[in-house]
Amino acid sequence: VLTPDFANKVIYSDSSITDIIGFHGELRSIEASDSGMMYPTIHIYKQVDLGGGALFPAIEFVNGWSLQFPAGNYLISGGNLKATINPVAGCYVMQTQSAAYAVTVAGESGVMDYTQQLDRIENMTNLIPAVL
Amino acid sequence: MAIGSDFEVQSNGNIRHLSGTTVYTVLQLHEWLQDLADDANAAGDDNVSILTANPSKLDGPRSAIKPMILNLINGFNIDDSAAQYINFGSISQDSGNVLYTGVKSIGSPLVAGSPVYIVQNASKLTSYWADGHIQIMVKGKTGGALIDNGDIRAFSRKYGQTYADFSANLVAGGEQPVAISTSVTDWTTLDEIGAAALSAKIAITVGDTTQTTGDANGLKLYKGTITLSGGCTVAEAAQYLQYICREASTTTINGELGWKYRTLNAAYTPNASAPFGIVAGGKWFVAQGWWIAGILEADKQKVQLVSHDGSTVTYPQSGQIAISGVVSGTYVLVGRDSGTGFVTNEYTLSGATTSGGNTCVMVEAIKNDTPDTGYLRVNGKPYTYTAVDRGTKTFTISGTWGQVHASSSPAWCPFIDTSASSTSISSASFKYVSDFTARVKARKGGSPSSLQPAEATFNVSTGTSAYGVIMNTDE
């Protein structure tokens, strides 16, 4: 379940995000809610057709929005997500990125080495520079 | 003379028309009678000779180019039938107790074949003359008494043309001019059947009513109301009202038949060409004293009224915002642009809202270009309002407050703040004050039907300010 904090531009998620396309749809619904209309959009979205019916979705949080989980272990997979994930004590976030399913492990202080991993993915796939 | 074949003079002095269609001048009648009067003996059916009394005498010098004033004397006389074949002058008879006076219509332009009719003593005279300009004689006095003080009024009222009327007085004799001119009306696009069919949509009520259009004139007195319904436009109303004033009208307006109706109040200056007002440049210039009720919002800039006191009254210019390019389910928010977002602090609550209440009072005056009904956000929470009292700065919302908003809470009125149900959405109409910049946000959520959010600014002016947003596929 996603809960927006419009005043502080934070999206709270109480569970892992394993469906990036579905996550994107939920974010759009928050943006298009009567409260969300008052605020800047949360994200931009792009999907790359990999052929054979496969899609590679990518999300980037914009306008100062961030993502936050409560304490616990969480997984972000199924596409790329570029976002500031707020550090929370006892919160571990494992994030898989790119079509090659490269894996980044988030430690106690949040997402680790994200940019480096993303650069690597871009170099490998050369599919998504326009998005990110 | 041919006149001798068309007329006879009976032994009792009656001059009667026998046959023929030629119309003779008063002078020709006099000349014929005098020609008979110098004959040694009466001959045929003309009982005038030197042995009878003199039949006629002119007032003033004889002239073939001026209307003559003729007196039939010594019992000689014409009747109404004979008068139909004599013109260009007047005939007095029976010692001045009977008077036929010439009437000639003049004026240009005149649509070919424009019918002219004469109203005397509130009745329409039976027409025997051809359409177009007329030159006839009308009886102005009978039995020693003037008919309606000698007054007549000539009309030309053919639907599809401008109307005309002009009064004359017959007492002086001779020939009285009446100015009649007509032209084709480009605003009567309906035929007579189409115009007549509008009767179910237009009601005419005579009686005082005090109304305002919201312009600077404020409340004004009107003497009658024309109520439009069923989607009737002002263009249609103007045509119907012109139609019911045509020559053949059987409609009664303010107690008067339409064919002679001229104005709602005797103190008003009639509009001869269109008794209910003419249409020019797409605007109906409504005759004085009439209030138009039920006017369509889109038509309010298409009328100009004149109140009972003669003030020119118009509707304030209106504005409306129309957003297109959306799909059903798209949330559309339109408000005044702050440069970076919406102006969200137009108003502040002068007091806290009350639980179960439905009103809020603002500190600031309500802007004149805020719609009478629409959307209201207090502390960012969306509401719809059903009424606004600008005097007390009070909004009345639909339903009741779902939460209490503290005093001094910020509030503003978006022009659109709802989901579109089709590919476009429009604001309520509002009074135009001045141009301003509006901001539109259009967002469509949901998976997989979401669209890329759109946001833009555009200028709002009079009339409909339309903006088409571009919402791309979200992929």
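In what follows, the structure referred to is the one given above.
Keep in mind the model is a prediction, meaning the values are calculated, not measured.

As for the overall build of chain A
Helix and strand counts for chain A stand at two helices and 10 strands. Sequence-ordered secondary structure for chain A, helices as α and strands as β, is β-β-α-β-β-β-β-β-β-β-β-α. Out of the 132 residues belonging to chain A, those deemed buried represent 52%. For chain A, long-range pairs separated by at least 24 residues make up 38% of all intrachain contacts whose partners lie at least 6 apart in sequence. Per element, the accessible surface of chain A, about 5900 Å² overall, is 52% carbon and sulfur.

What to know about the packing of aromatic side chains
Counting across every chain of the model gives 22 aromatic pairs over all chains. For the pair Phe342(B) and Trp412(B), a centre-to-centre distance of 5.2 Å together with 25° between the ring planes defines the contact as stacked. In this pair, Phe342(B) sits in the loop between strand 27 (331-336) and strand 28 (347-348) while Trp412(B) sits in strand 33 (residues 410-412), placing the two residues 70 residues apart along the sequence. Owing to a relative accessible area of 9%, Phe342(B) belongs among the buried residues under this scheme. With relative accessibility at 1%, the residue Trp412(B) sits in the buried group. Ring centres 4.8 Å apart and planes at 75° place the aromatic pair Tyr385(B) and Phe395(B) in the edge-to-face group. Taken together, the positions of Tyr385(B) in strand 31 (residues 381-389) and Phe395(B) in strand 32 (residues 394-397) put the pair 10 residues apart, joining distant regions of the chain. Grouping residues by exposure puts Tyr385(B) and Phe395(B) together as buried. Taken together, the ring pairs connect Phe6(A), Tyr39(A) and Trp65(A) into an aromatic cluster. Above the plane of the ring of Tyr117(B) lies Lys124(B), whose end atom (NZ or CZ) is 5.2 Å from the centre. Directly above the aromatic system of Tyr243(B) lies the positively charged group of Arg246(B), at a separation of 3.8 Å from the ring centroid.

Notes on the pattern of salt bridges
All names here are of chain B. Scanning all chains against the criterion turns up 21 salt bridges over all chains. In this structure, the salt-bridge partner of Arg 62 is Glu 31, at a minimum N-O distance of 3.3 Å. Residue Arg 62 is found in the loop between strand 4 (56-59) and strand 5 (68-72), and its partner Glu 31 is found in helix 2 (residues 26-37); the two are separated by 31 residues along the sequence. Classification of Arg 62 by relative accessible area gives exposed; the value is 51%. The partner of Arg 262 in a salt bridge is Asp 165, and the shortest N-O contact between them spans 3.2 Å. Within this pair, whereas Arg 262 is found in the loop between strand 20 (256-257) and strand 21 (277-280), its partner Asp 165 is found in strand 15 (residues 164-169), the two being separated by 97 residues in sequence.

Things to note about the sheet that holds strand 6 (residues 77-78) of chain B
Residue and element names in this part refer to chain B. In space, the three strands of this open sheet follow the order 1-2-6, with mixed pairing throughout. Across the chains shown, the open sheet's two edge strands, defined by having one partner strand only, are strand 1 (7-9) and strand 6. Along the sheet, helix 2 makes contact with strand 1, strand 2 (14-17) and strand 6, crossing strand 1 at roughly 45°.

Observations concerning the interface of chain A and chain B
Taken residue by residue, the interface counts 19 residues in chain A and 22 residues in chain B. When chain A packs against chain B, close to 1500 Å² is buried across both sides, 58% of that on carbon and sulfur atoms. Contact with chain B buries area across many residues of chain A, yet Arg28(A), Met37(A) and Met38(A) alone supply 43% of it, more than any other trio. Summed over the shared surface of chain A and chain B, the result is one salt bridge. Residue Arg28(A) is joined to Asp474(B) by a salt bridge in which the shortest nitrogen-to-oxygen separation is 2.5 Å. Counting across the chain A and chain B interface gives 11 residue pairs in polar contact (both at pLDDT 80 or more). Those elements giving two or more residues to the side of chain A that touches chain B turn out to be helix 1 (20-31) and strand 3 (43-51) of chain A. Grouping the constituent residues of the side of chain A that touches chain B by class yields seven nonpolar, eight polar and four charged.

Describing the side chain of Thr353(B)
Residues and elements named next belong to chain B. Along the chain, the position of Thr 353 falls in the loop between strand 28 and strand 29 (359-361). Here His 405 takes part through its backbone nitrogen, which lies 2.7 Å from a polar atom of the side chain of Thr 353. Those residues in contact with Thr 353, other than ones at most four positions away along the chain, are Thr 359, Cys 360, Trp 401, Gln 403, Val 404 and His 405.

Here's the deal with the state of the cysteines
Where two cysteines share a covalent bond between their sulfur atoms, that bond is called a disulfide. Applying the stated criterion across every chain yields a total of zero disulfides over all chains. Distance from the sulfur of Cys360(B), which forms no disulfide, to the nearest cysteine sulfur (Cys413(B)) is 8.5 Å.

Digging into the sheet that holds strand 21 of chain B
Residues and elements named next belong to chain B. Spatially, 21-22-24-25 is the arrangement adopted by the four strands of the open sheet, whose pairing is mixed. Two strands lie at the open edges of the sheet, namely strand 21 and strand 25 (312-314), each paired on one side alone. With direction set aside, neighbouring strand axes in the sheet form an average angle of 20°. Across two bridges, strand 22 (residues 283-286) lies against strand 24 (residues 303-306) in parallel orientation. Opposite Phe 285, over in strand 24, you have Gln 304 as the bridge partner.

Each value, and the rule that gives it
Residues numbered from 1 in each chain as written. Chains lettered and ligands numbered in written order. Predicted model: local features only at pLDDT ≥ 70, side-chain atom pairs only at ≥ 80, totals over all residues. Heavy atoms only, no water. Helix = DSSP H or I, 4+ residues; strand = E, 2+ residues; numbered from the N terminus. Buried < 20%, exposed > 50% of the residue type's maximum accessible area, 1.4 Å probe, protein only. Contact = heavy atoms within 4.5 Å. Areas by Shrake-Rupley, 256 points an atom, 1.4 Å probe, with all protein chains shown as cover. Phe/Tyr/Trp six-rings, centres within 6.5 Å; stacked < 30°, edge-to-face > 60°. Lys NZ or Arg CZ within 6 Å of the ring centre and 35° of its normal. Salt bridge = Lys/Arg side-chain N within 4 Å of Asp/Glu carboxyl O. Pairing = 2+ DSSP bridges. Axes fitted to C-alpha atoms, helices over the stretch in contact; angles between N-to-C directions. Buried area = accessible area lost by both parts, 1.4 Å probe. Polar contact = N/O pair within 3.5 Å; in protein donor to acceptor, adjacent residues only side chain to side chain. Nonpolar A, V, L, I, M, F, W, Y, C, P; charged D, E, K, R; others polar. Disulfide = S-S within 2.5 Å.

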